[in-house]
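The lines below spell out each chain.
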Amino acid sequence: MTPNGWAQIVVFLFLILLITKPLGIFLARVFEREKTFLDPVLRPVEKLIYRLTGVDEAVEMRSTEYAVAMLLFSAVSMILLYLFERVQLWLPFNPQHFANVAPDLAFNTAASFTTNTNWQSYSGESTMSYFTQMAGLAYHNFASAALGIALAIAVIRGIARRERETIGNFWVDLTRCFLWVLLPVCLVVSLVFVSQGMVQNLRPYDKAALVEPQQVTVTGADGKTTTQTVTEQVIAQGPVASQEVIKMFGTNGGGFFGANSAHPFENPTPLTNFIQLLLIFAIPSALTYTLGFMSGSRRHGWAVWLAMVTVFLAGVTVAYWAEARGNPLLHAADQRATSMQPGGNMEGKEVRFGIADTALFATVTTDASCGAVNGQHDSFTPLGGLVPLVNIMLGEVIFGGVGAGLYGIFVFIVLAVFIAGLMVGRTPEYLGKKIESYDIKMAMLAVLICSMSILIFSAIASVAKFGTSSITNPGPHGLSQILYAYTSAVGNNGSAFGGLNTNTLWYNTSMAFAMLLGRFFMQIPILAIAGSLARKKITPESLGTFPVTGPLFTVLLVSTIIIVGALTFFPALSLGPILEHLQMFAGKMY
């Protein structure tokens, strides 16, 4: 751990703080349909879209209608992406003549990008055509992000309104998110990325002759290995910059290349690396201020933001410490950081970014439901790998995905207020509205769906041959690989412990269902709570009202997240990364 490393983390968090208020106010203005500086350009486009699609922007929806519209939109989008993948060989913009994607992999990918998970059981540059990347995957990067933001705004409306049956219009919220929020930023930042060396073209892949031919071992379909001499390298390229910016700003995470943000064409410089980090947290952080702004309690928004920052700092500190400390079994290696060497555990890390940036990136990308990586989580030390795994298990509410983090932490807010009410012997209240049994049932349903899905799928895969046959590491690390895969799927994150072969019928199918459960079966009860709150009256505060605007509430919220989120998975973690950490000090590695 070095002063330079800590300085980067502090500067990053400071800039996120600076972004939060202005972007939060802008989001509130956009979705409350107040005037913004983009209106002269975008308002005519918006009206044209409504005219063509038959949407009446003045008509709002009940929570049930909002949920149905969201599900229908997602279903149609998912089917369309599946079809693109299955027939990409005959579609345009396929200069590499990539074959049609196999049915199970196409189903997995369609579910993945529809749910904002962006899990990839394939290497993008050798599987997906330019058309599939642009019209399929990049479109879903926008659509799934816009859907998440729209639902977060619907939840905020439910909190802010009183004695109302409606929480907004899904189609209007989706359109305004596309036009006012996502597209303008992506247009500008993609040009910045191109200026830094990120590729953006539709050319066929180039081939370069190697200065020195290389001997490589290849395993054939029959399982036999042969040695081949490689004399040239294929330089993959394509429309990368346009997909990279929405991959980060929409907290999607799916990379154009298999190496994701460790690839120099996706993340060429330390500046692009830092911008990508800012893009990941920008909207999730701003939505906390939007919550306070629209609900009339800005102090509450900051209290929620502070809770997120507290858990974020705990995670990045542990990850940075564990990786900077290195591997204690490498006695002969000097792992101290000096002016001549980075020190610590550099396995699986890009030397362009080093340990501090990699630990920060891993923490940020799993705090949010992004899943992009600039290093290999599978190569982290056991405690270093534990941090991103726990971040996802907590529900990715430490800022979280665009929209998903806000409505995810809303569940924990409801539970925290309920616990506070039990402690003082009063009916729980949240910003003047009573939290009743229906609200608690819906909140617990959302929590249980996610935790049960992770644990049940992981349990099956860890004992069945079709699951264990994909493990590349024995012992507790193999269990961690399986646990991480399903945690990432249900949590709609998309990052992975890279040693697990998931491009099989079992993993492609089961993880697709896990992604759909983690996304939509969580959103439905949350929308139900939002509709319930919108219909309630405001109760005046009294001496017995638990305040949700101060440090005490922040502490209670953090405690609820840890107790409900982390302790649920503690037995599984004890058999995985925690056991691996203890055995490392006993002299055994996997």
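Scroll up for the structure.
A.B. asks: Would you mind going over the overall build of the chain in detail, with residue names and values included?
C.D. replies: A count of helical and extended segments in the chain gives 19 helices and four strands. Taking 2.2 N^0.38 as the reference for a compact globule, 590 residues should give roughly 25 Å; the C-alpha atoms of the chain span a radius of gyration of 24 Å, in line with that estimate. Across its three principal axes, the chain shows a C-alpha extent of roughly 75 × 60 × 50 Å. Expressed as a percentage of its 590 residues, the buried residues of the chain come to 58%. In the chain, the share of contacts with a sequence separation of at least 24, taken over all contacts with a separation of at least 6, comes to 78%. As presented, the chain carries roughly 23,300 Å² of accessible surface, and 67% of it is formed by carbon and sulfur atoms. Of the side-chain charges in the chain, 34 are positive and 33 negative, and the distance between the mean point of each set is 8 Å.

A.B. asks: Help me get a handle on helix α1 (residues 3-31), residues and values and all.
C.D. replies: At 3.6 residues per turn, the α-helix brings residues three or four places apart onto the same side. With 29 residues, α1 extends 42 Å between its outermost C-alpha atoms, agreeing within 8% with the 42 Å of an ideal straight helix rising 1.5 Å per residue. Taken as a whole, α1 carries its principal kink of about 30 degrees at Thr20; the proline Pro22 stands between one and four residues after it. Phi for Arg33, located one or two positions after α1, is positive at around 60 degrees.

A.B. asks: Give a detailed account of the pattern of salt bridges, specifying residues and quantitative values.
C.D. replies: Per the counting criterion, the structure on display carries 18 salt bridges. Linking Arg62 and Glu65 is a salt bridge whose minimum nitrogen-to-oxygen distance equals 4.0 Å. In this structure Glu65 comes out as partly exposed when scored by relative accessible area, which is 33%. Measuring nitrogen to oxygen at the nearest pair gives 3.5 Å for the salt bridge that ties Glu436 to Lys536.

A.B. asks: Hey, could you go over unusual backbone geometry for me, with residue numbers and the actual values?
C.D. replies: Leaving glycine out, the prevailing phi sign among residues is negative, and the prevailing peptide bond configuration is trans. One non-glycine residue, Glu396, lies in positive phi territory at about 50 degrees. Under the relative-accessibility criterion, Glu396 is labelled buried at 2%. If you check the backbone angles, Phe399 has positive phi at about 80 degrees while not being a glycine. Tracing the backbone through its elements, the reader meets Phe399 in the loop between α11 (382-393) and α12 (404-424). Accessibility expressed as a relative area gives 0% for Phe399, which makes it buried.

A.B. asks: Hey, could you go over the packing of helix α6 (residues 170-195) against helix α7 (residues 240-249) for me, with residue numbers and the actual values?
C.D. replies: The packing of two helices is summarised by the inter-axis angle and the distance between the axes. As a packed pair, α6 and α7 sit with axes 8 Å apart at the nearest point and diverge in direction by 125 degrees. With respect to each other, α6 and α7 are oriented oblique. Handedness of the α6/α7 crossing: right-handed. Residues Val181, Leu182, Val185, Cys186, Val189, Ser190, Phe193 and Val194 of α6 touch α7, and the partners they reach there are Ala241, Ser242, Glu244, Val245, Ile246 and Phe249. Of the residues in the contact of α6 with α7, the class split is eleven nonpolar, two polar and one charged.

A.B. asks: Please give an account of the side chain of Arg176 that cites residues and values.
C.D. replies: As for its position among the elements, Arg176 is in helix α6. On the basis of relative accessibility, which here comes to 3%, the residue Arg176 falls in the buried class. Not counting chain neighbours up to four residues away, the residues in contact with Arg176 comprise Val30, Phe31, Arg33, Glu34, Arg43, Glu46, Tyr50 and Val181.

A.B. asks: An account of the packing of helix α9 (residues 298-325) against helix α17 (residues 551-566) is needed here, citing residue identities and associated values.
C.D. replies: In the contact formed by α9 and α17, the axes pass within 9 Å of each other and the chain directions differ by 45 degrees. With respect to α17, the axis of α9 lies oblique. In terms of crossing hand, the pair formed by α9 and α17 is right-handed. In this structure, α9 contributes His300, Ala303, Val304, Leu306, Ala307, Thr310 and Val311 to the contact, and α17 contributes Phe553, Thr554, Leu557 and Val558. For the contact of α9 with α17, a count of residues per class yields eight nonpolar, three polar and no charged.

A.B. asks: Which residues make up the packing of aromatic side chains, and what are the values?
C.D. replies: Pairs of aromatic rings are described using the distance from one ring centre to the other and the angle between the two planes. Following the criterion strictly, the structure yields 28 aromatic pairs and no others. Aromatic pair Phe12 and Phe274: ring centres 6.4 Å apart, planes at 85 degrees, arrangement edge-to-face. Linking Phe12 in helix α1 with Phe274 in helix α8 (residues 270-295), this pair joins segments that are 262 residues apart in sequence. When its relative accessible area of 0% is taken as the criterion, Phe12 is described as buried.

A.B. asks: Describe the nonpolar core, listing the residues and the values that go with them.
C.D. replies: Counting 176 residues, the largest nonpolar core has Phe170, Leu182, Ile283 and Phe312 as the members making the most contacts within it. The greatest single-element share of this core, amounting to 16 residues, is contributed by helix α5 (residues 130-160).

A.B. asks: Let's hear about helix α15 (residues 475-490): which residues, and what values?
C.D. replies: With 16 residues, α15 extends 24 Å between its outermost C-alpha atoms, agreeing within 8% with the 22 Å of an ideal straight helix rising 1.5 Å per residue. By the criterion of burial, α15 is predominantly enclosed, with 14 of the 16 residues buried. Just downstream of α15 lies Asn492, where phi reads positive at about 55 degrees.

A.B. asks: Give a detailed account of a nonpolar patch on the surface, specifying residues and quantitative values.
C.D. replies: A surface patch of nonpolar side chains, about 510 Å² in accessible area, is lined by Met444, Leu448, Met452, Ile456, Ile460 and Phe466. No other element matches the five residues that helix α13 (residues 437-463) contributes to the nonpolar patch. A relative accessible area of 34% means that Ile460 is categorised as partly exposed.

A.B. asks: Lay out the environment of Arg299 with the relevant residues and their values.
C.D. replies: Of note, Arg299 is situated in helix α9. When the C-alpha atoms of Arg299 and Ala146 are compared, they prove to be 26 Å apart, with 153 residues separating the residues in sequence.

A.B. asks: For the pairing of strand β1 (residues 206-219), give the residues involved together with the corresponding values.
C.D. replies: With zero of its 14 residues buried, β1 lies for the most part at the surface. Here β1 pairs with strand β2 (residues 225-235) via ten bridges, running antiparallel. Looking at β2, one finds that Val216 is bridged to Gln228.

Cut-offs applied
- Residues numbered from 1 in each chain as written.
- Predicted model: local features only at pLDDT ≥ 70, side-chain atom pairs only at ≥ 80, totals over all residues.
- Heavy atoms only, no water.
- Helix = DSSP H or I, 4+ residues; strand = E, 2+ residues; numbered from the N terminus.
- Rg over C-alpha atoms; globule rule 2.2 N^0.38 Å.
- Buried < 20%, exposed > 50% of the residue type's maximum accessible area, 1.4 Å probe, protein only.
- Contact = heavy atoms within 4.5 Å.
- Areas by Shrake-Rupley, 256 points an atom, 1.4 Å probe, with all protein chains shown as cover.
- Lys, Arg positive; Asp, Glu negative; His and termini not counted.
- Charge placed at Lys NZ, Arg CZ, Asp CG, Glu CD.
- Expected span 1.5 Å × (residues − 1).
- Bend = angle between axes of the 7 residues up to and from the residue.
- Salt bridge = Lys/Arg side-chain N within 4 Å of Asp/Glu carboxyl O.
- Axes fitted to C-alpha atoms, helices over the stretch in contact; angles between N-to-C directions.
- Parallel < 35°, antiparallel > 145°, perpendicular 65-115°, else oblique.
- Left-handed = near helix turned anticlockwise from the far one by under 90°.
- Nonpolar A, V, L, I, M, F, W, Y, C, P; charged D, E, K, R; others polar.
- Phe/Tyr/Trp six-rings, centres within 6.5 Å; stacked < 30°, edge-to-face > 60°.
- Core = buried A, V, L, I, M, F, W, Y, C linked by side-chain atoms within 4.5 Å.
- Patch = residues over 30% accessible without salt bridge, like charges linked within 9 Å, V, L, I, M, F, W, Y side chains within 5 Å.
- Pairing = 2+ DSSP bridges.

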